Amino acid sequence: MGRPRTNDETVKERLVERATEMLATHPQESVTVRAVATAADASTAAVYSLFGGKDGLIAAVRDRAVAGLFQALTAAPTSEDPLADLYALAAAYRRWGSEHRHLYAVLFGGVQSFEPSGAVGTRDPVQPLIAAIDRAVTASVLDGEVTLIAVSVWVTLHGLVTLELTGALDASTAQAAFPSTIHATLRGWTTPSVFRSLRHDEAAP
């Protein structure tokens, strides 16, 4: 008789990892408790014991994605330059997406509803972006309503990263397009005096 399976942290981790992979690559309705358990070499009972069922397992995957992106963004460097800080956040977002492709796909593929215009929680990944934009507006570097600026920046950033991760942009094109596009988006929201200063610096030899 084989050793009975134990529903420990190792099994829990395997279930979350397999569920993440399957949710990123298959329609959500096809990701059943049995399918995930089989892929994780676990029992269906383990899913119910550890997560309470499929919804709990999906929530665990979602929470891991949200927490991971939040941690990556809050770890981005800060400085005296609000625009440099916003670019650092954009770069951190791109790096996290590249290093966690399945979690990124899960987070923005329908399992987790991510709305930059919605209420901001203390661990919402959009919170660092909102805070950085608010600082830039307060410092008269950006001009506009904070939420609208955040949506504009996020839509641009998400589009770039998604196109890169799906292969629609080759590596060299993505590498060249990322800084120029993010800087152009931020520049479009700057105050007139900051905009003139930036354009002057760009034109200088």
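That block above? That's the structure.
Below, the structure is looked at part by part.

Reading the values: rules and limits
Along each chain, the written sequence defines residue order, and numbers are assigned to residues from 1. Totals for whole chains, interfaces and linings use all residues, but because this is a predicted model, local features are given only for residues with pLDDT of at least 70 and pairs of side-chain atoms are given and counted only at 80 or more. Side-chain metrics in this entry use all non-hydrogen atoms of the structure; hydrogen atoms and water are not considered. By convention, a stacked pair of Phe, Tyr or Trp rings (six-membered ring in the case of Trp) has centres within 6.5 Å and planes under 30 degrees apart, an edge-to-face pair has planes over 60 apart, and any other such pair is tilted. By the criteria applied, helices consist of DSSP H or I runs no shorter than four residues and strands consist of E runs no shorter than two, each listed in order from the N terminus. The buried label goes to any residue with under 20% of its type's maximum accessible area, the exposed label to any with over 50%, and the partly exposed label to all in between, with areas taken from a 1.4 Å probe on protein chains only. In this analysis the charged atom, NZ for Lys or CZ for Arg, is taken to sit over a ring once it is within 6 Å of the ring centre and within 35 degrees of the ring normal. Here, two residues are considered to be in contact whenever any of their heavy atoms come within 4.5 Å of each other.

Let us look at the packing of aromatic side chains. In this structure the tally under the stated criterion is five aromatic pairs. Judged by centre distance (6.1 Å) and plane angle (40°), the ring pair of Y93 and F108 falls under tilted. In this pair, Y93 is assigned in helix 5 (residues 82-99) and F108 in the loop between helix 6 (101-107) and helix 7 (127-138), connecting sequence segments 15 residues apart. Given the relative accessible area of 3%, Y93 is considered buried. R94 extends its terminal NZ or CZ atom over the ring of F178, reaching a point 4.8 Å from the ring centre.

In this section: the environment of L157. Considering the arrangement of structural elements, one finds L157 in helix 8 (residues 146-165). Residues L157 and T185 lie 28 residues apart in sequence; the distance between their C-alpha atoms is 9.4 Å. Once residues within four sequence positions are removed from consideration, L157 is found in contact with A90, Y93, F178 and I182.

So, to be careful, I would describe these as geometric facts and stop short of saying anything about function.
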